[in-house]
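Structural overview
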Amino acid sequence: MKLQSLIAGLALVVASALCAPVHAQAGAPKIEHPYARATMPGQPNGGGYLKIDNAAGAADRLVAASAEVSKTVELHTMKLDNNVMRMRQIDAIDVPAGQTVELKPGGMHLMFIGLKAPLKAGDSFPVKLRFEKAGEVVVDVKVEAAAAAAGHSHGHGTKH
């Protein structure tokens, strides 16, 4: 009888582990301070930012992202072109081994295209980041007040 109880208990532990969501694979880069700026009603797009710490991993690339809050998520960069800051979609973001890459206002960032509702300060939502080698990493993105990142306007409400 004790053996049956032990086997049943072990089976429950294994089943629970298999059903738990996998947020990162071994060697996956560590994601720090994932956040998005709050948006105004009617604003079609929003920006997302984070740090990718790859101190313990091999070189990798962030190749895609997705979130339920928008129709699509694109990887973007900002560059000065003839004294004008221009936002462009990019295919991937390199994450060198032993380094940290920052997605921040005025630089590389996530672009939430076709927001389904405004992003409200204090809310949070999951974002799936897909890395070429490490696979999928799910992060909880906190929405911060736009004033918290004041001084960094780069056209999230405009078409491009």
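Just so you know, these numbers come straight off a predicted model, no measurement behind them.

Within the protein, the regular secondary structure consists of 1 helix and 10 strands. On the protein, roughly 9,500 Å² of surface is accessible, and the fraction owed to carbon and sulfur atoms is 57%.

Below, the discussion takes up the packing of aromatic side chains. Throughout the structure, instances matching the rule amount to 2 aromatic pairs. Ring geometry for F112 and F125: centres 5.4 Å apart, planes at 80°, overall edge-to-face. With F112 in strand β8 (residues 109-115) and F125 in strand β9 (residues 124-131), the pair connects residues that are 13 residues apart, well separated along the chain. One exposure class covers both F112 and F125, and it is buried.

As paired strands, strand β1 (residues 30-37) and strand β2 (residues 45-53) are joined by 5 bridges and run antiparallel to one another. Looking across to β2, one finds that E32 is bridged to K51.

So, about the confidence of the model for the protein. Detailed conclusions should not be drawn from predicted coordinates in areas where pLDDT is low. In this model, the protein carries an average pLDDT of 82, and 75% of its residues clear a pLDDT of 70 or more. Across residues 5-24, confidence stays below pLDDT 50; counting only partners more than four residues off in sequence or on other chains, it has 5 contacts. Low pLDDT, under 50, characterises residues 149-160; the predicted model gives this stretch 27 contacts beyond four residues in sequence or across chains.

Procedures and definitions
- Residues numbered from 1 in each chain as written.
- Predicted model: local features only at pLDDT ≥ 70, side-chain atom pairs only at ≥ 80, totals over all residues.
- Heavy atoms only, no water.
- Helix = DSSP H or I, 4+ residues; strand = E, 2+ residues; numbered from the N terminus.
- Areas by Shrake-Rupley, 256 points an atom, 1.4 Å probe, with all protein chains shown as cover.
- Phe/Tyr/Trp six-rings, centres within 6.5 Å; stacked < 30°, edge-to-face > 60°.
- Buried < 20%, exposed > 50% of the residue type's maximum accessible area, 1.4 Å probe, protein only.
- Pairing = 2+ DSSP bridges.
- pLDDT = per-residue confidence, 0-100.
- Contact = heavy atoms within 4.5 Å.

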